[in-house]
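Listed below are the residues making up each chain.
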Amino acid sequence: MKFIDEAKIQVHAGKGGDGSAAFRREKFVPRGGPSGGDGGRGGSIWAIADRNINTLIDYRFARIHRAEDGDIGRGADKYGRGGEDVELRMPVGTLVKDEDGALLADLARDGQHTLLAKGGVGGLGNLHFKSSINRAPRQFTRGEPGESRELALELRVLADVGLLGLPNAGKSTFIRAVSSARPKVADYPFTTLNPSLGVVRIAHNESFVVADIPGLIEGAAEGAGLGHQFLRHLSRTRLLLHLVDIAPLEDDADPSKDARALANELKKYDAALFKKPRWLVFNKADLAADAADADARVQRILRALRWKKPWFLISAINGKGCKQLSGQIYEFISKIDKKGGRRAV
Ligand SMILES: Nc1nc2c(ncn2[C@@H]2O[C@H](COP(=O)(O)OP(=O)(O)OP(=O)(O)O)[C@@H](O)[C@H]2O)c(=O)[nH]1
Ligand SMILES: [Mg+2]
């Protein structure tokens with residue numbers, strides 16, 4: 001999945017209905033006055049941010065969207081019916097730009113409405129043109145055309161949660177365990193070269209997006225490894241998961257030292273990112289001799305880091321602990337939402 005999802009669409013609002021030039025024709029009323037009603041307004045086209053929609057893919061297939069025209073006015077004072085509006089549901093985070101690239105709307109919040117193309121105003125019926133000197137006006141006006149425009153939709157796919165960790169910590173394996181995303185996994189460093197996303201579904205209408213980024217190593221700020229430019233993809237997340245391999249292969253590996261170094265790289269990149277909520281996720285529990293050994297390894301790292309914040313022990317390769325972790329993540333970000341934060345999906 002790309003980080004930028006795009007689509008080009010055309011929106012055509014409905015034309016307003018023409019006004020009517022009619023006269024009253026009733027028994028015993030020899031010269032009925034004007035009775036032509038107004039035309040109805042044309043339907044407008046709206047964009048609505050919907051957190052249940054994750055991509056713009058539907059808009060790459062259905063490109064042209066039209067709203068209904070307003071009905072014409074009729075005799076006997078009848079006004080034309082307005083055309084139905086069209087609502088285009090788009091993912092939260094969609095940017096709507098015009099042909100020249102100017103930003104028309106940033107659909108940042110679930111439920112946010114934006115007018116994309118306004119329906120034409122209905123024409124006036126001859127009712128409106130009656131005056132003391134003209135009691136039988138034949139004038140009416142035509143409905144106005146609806147707005148038409150070409151729009152570019154752009155979605156910066158927003159991740160709620162970002163994965164951090166040394167190469168080989170098991171970030172991609174974790175995303176495979178909790179989502180249907182299938183990033184490459186291999187036992188050499190820097191397997192992941194490009195960020196990718198996974199949607200984690202907890203239940204119907206309950207999901208969040210996780211970003212898998214390339215591994216980070218000490219000195220990334222100075223360009224070591226793949227550098228740290230990928231951290232920009234985490235700037236709008238609400239939670240960072242810092243994956244730590246509790247059973248690294250190298251004899252001289254020190255997980256707590258590595259974890260501290262990684263936190264340092266975060267700080268060097270951006271103090272705001274460093275301050276984001278970050279949970280430690282100890283991975284590869286299955287490689288410990290037994291549960292007690294796994295626990296001892298975890299406690300050693302926690303003590304060395306003086307870590308007081310949440311931590312989890314999982315085994316991404318067999319999914320152990322992953323479901324429970326996903327549930328806690330969802331609960332955590334839902335709480336932020338209730339305080340007025342934004343959701344990626
Ligand atoms: N035994 C065991 N192996 C794991 C576990 N999670 C990941 N691995 C293995 O660790 C290696 C690295 O896994 P990846 O998921 O590619 O690691 P990554 O953090 O995405 O690595 P980069 O993309 O290089 O940064 C692979 O050989 C995985 O099979 C686990 O829970 N247990
Ligand atoms: Mg990877």
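Residues numbered from 1 in each chain as written. Chains lettered and ligands numbered in written order. Predicted model: local features only at pLDDT ≥ 70, side-chain atom pairs only at ≥ 80, totals over all residues. Heavy atoms only, no water.

Protein coordination at the magnesium ion (ligand 2): the donors are S172 (OG) and T192 (OG1), at 2.0 to 2.1 Å from the metal. Highlighted residues: S172 in helix α2 (residues 171–178) and T192 in the loop between α2 and β10 (196–203), separated in sequence by 20 residues. In this pair, the class of S172 matches that of T192, namely buried. (Donors = N, O, S within 2.8 Å, 3.2 Å for Na, K, Ca; no water. Helix = DSSP H or I, 4+ residues; strand = E, 2+ residues; numbered from the N terminus. Buried < 20%, exposed > 50% of the residue type's maximum accessible area, 1.4 Å probe, protein only.)

With that settled, the discussion passes to the sheet that holds strand β13 (residues 278–283). Strand order in the open sheet formed by six strands is β10-β11-β9-β12-β13-β14, and the pairing between neighbours is mixed. The open sheet has two edge strands, β10 and β14 (311–313), and neither has a second partner. Pairs of neighbouring strands in the sheet enclose a mean axial angle of 25°, with direction left out of account. Here β10 pairs with strand β11 (residues 206–212) via seven bridges, running antiparallel. Bridge pairing in β11 places V199 opposite V209. Contacting β9 (161–165), β10, β11, β12 (239–245), β13 and β14, helix α6 (residues 322–338) crosses the sheet at an angle of about 105° to β11. (Pairing = 2+ DSSP bridges. Axes fitted to C-alpha atoms, helices over the stretch in contact; angles between N-to-C directions. Contact = heavy atoms within 4.5 Å.)

Here we take up the domain arrangement of the chain. Each domain of the chain was delimited in the assignment, giving domain 1 (4–156) and domain 2 (161–338). A C-alpha centroid distance of 50 Å is found between domain 1 and domain 2. Here domain 1 meets domain 2 over a buried area of about 410 Å², counting both sides, of which 16% is carbon and sulfur. Run the count over domain 1 and domain 2 and you get zero salt bridges. In this assembly, domain 1 and domain 2 are joined by zero residue pairs in polar contact (both at pLDDT 80 or more). For the side of domain 1 that touches domain 2, the residue count by class is no nonpolar, two polar and two charged. (Domains from an automatic or database assignment. Buried area = accessible area lost by both parts, 1.4 Å probe. Salt bridge = Lys/Arg side-chain N within 4 Å of Asp/Glu carboxyl O. Polar contact = N/O pair within 3.5 Å; in protein donor to acceptor, adjacent residues only side chain to side chain. Nonpolar A, V, L, I, M, F, W, Y, C, P; charged D, E, K, R; others polar.)

This paragraph deals with the environment of A221. Position of A221 among the secondary structure elements: in the loop between β11 and β12. Overall, the relative accessible area of 27% leaves A221 in the partly exposed class. If near-sequence neighbours (up to four positions away) are discounted, A221 is found in contact with H228, E265 and K268.

Now for the packing of helix α3 (residues 255–269) against helix α5 (residues 291–305). Following both chains from N to C, one finds α3 and α5 inclined at 45°, their axes separated by 9 Å at the closest point. The angle between the axes of α3 and α5 places the two elements in the oblique class. The interaxial crossing formed by α3 with α5 has right-handed handedness. Across from P255, S256, A259 and R260 in α3, the residues of α5 making contact are I301, A304 and L305. Residues that form the contact of α3 with α5 fall into these classes: five nonpolar, one polar and one charged. (Parallel < 35°, antiparallel > 145°, perpendicular 65-115°, else oblique. Left-handed = near helix turned anticlockwise from the far one by under 90°.)

Another point: the site of ligand 1. With respect to spatial proximity, 24 residues lie near ligand 1, and among them K171, T173, F190, T191 and D286 are the closest. One nitrogen or oxygen atom from the side chain of N283 is found 3.1 Å from an oxygen atom belonging to ligand 1. Relative to its unbound accessible area of 660 Å², ligand 1 is 91% covered by the protein chains. A total of three residues in the shell around ligand 1 trace back to one element, the largest contributor, which is α2. (Near = heavy atom within 4 Å. Areas by Shrake-Rupley, 256 points an atom, 1.4 Å probe, with all protein chains shown as cover.)

Attention now moves to the environment of H12. Tracing the backbone through its elements, the reader meets H12 in strand β1 (residues 4–12). Classification of H12 as buried rests on a relative accessible area of 17%. Here the alpha-carbon distance between H12 and G319, two residues 307 residues apart in the chain, equals 49 Å. Sequence-distant contacts of H12, that is, excluding residues within four places in its chain, are made with I45, I64, H65, R66, A67, E147 and S148. Looking at H12, its side chain comes within polar contact range of the side chain of Q10, at 3.0 Å.

Nonpolar side chains in soluble globular proteins generally cluster together in the buried interior. One finds F174, F208, L241, L325 and I329 to be the most contacted residues of the largest nonpolar core, which totals 23 residues. Broken down by secondary-structure element, the contributors of at least two residues to this core are β9, α2, β11, β12, β13 and α6. Here the element with the most residues in this core is α6; it accounts for five residues. Ignoring anything within four residues of it in the chain, the contact list for L241 reads V161, G162, L163, L164, F174, W279, V281, L325 and I329. (Core = buried A, V, L, I, M, F, W, Y, C linked by side-chain atoms within 4.5 Å.)

Glancing now at the packing of aromatic side chains. A complete count under the given rule lists three aromatic pairs for this structure. Centre to centre, the rings of W279 and F312 are 5.3 Å apart; their planes meet at 35°, and the pair counts as tilted. Placement of the pair is W279 in strand β13 and F312 in strand β14, with a sequence separation of 33 residues. Taking 5.2 Å as the distance between ring centres and 65° as the angle between the ring planes, the aromatic pair formed by W279 and F332 counts as edge-to-face. With W279 in strand β13 and F332 in helix α6, this pair connects stretches of sequence that are 53 residues apart. On the accessibility criterion, W279 (6% relative accessible area) is buried. Since its relative accessible area comes to 24%, F332 is described here as partly exposed. (Phe/Tyr/Trp six-rings, centres within 6.5 Å; stacked < 30°, edge-to-face > 60°.)

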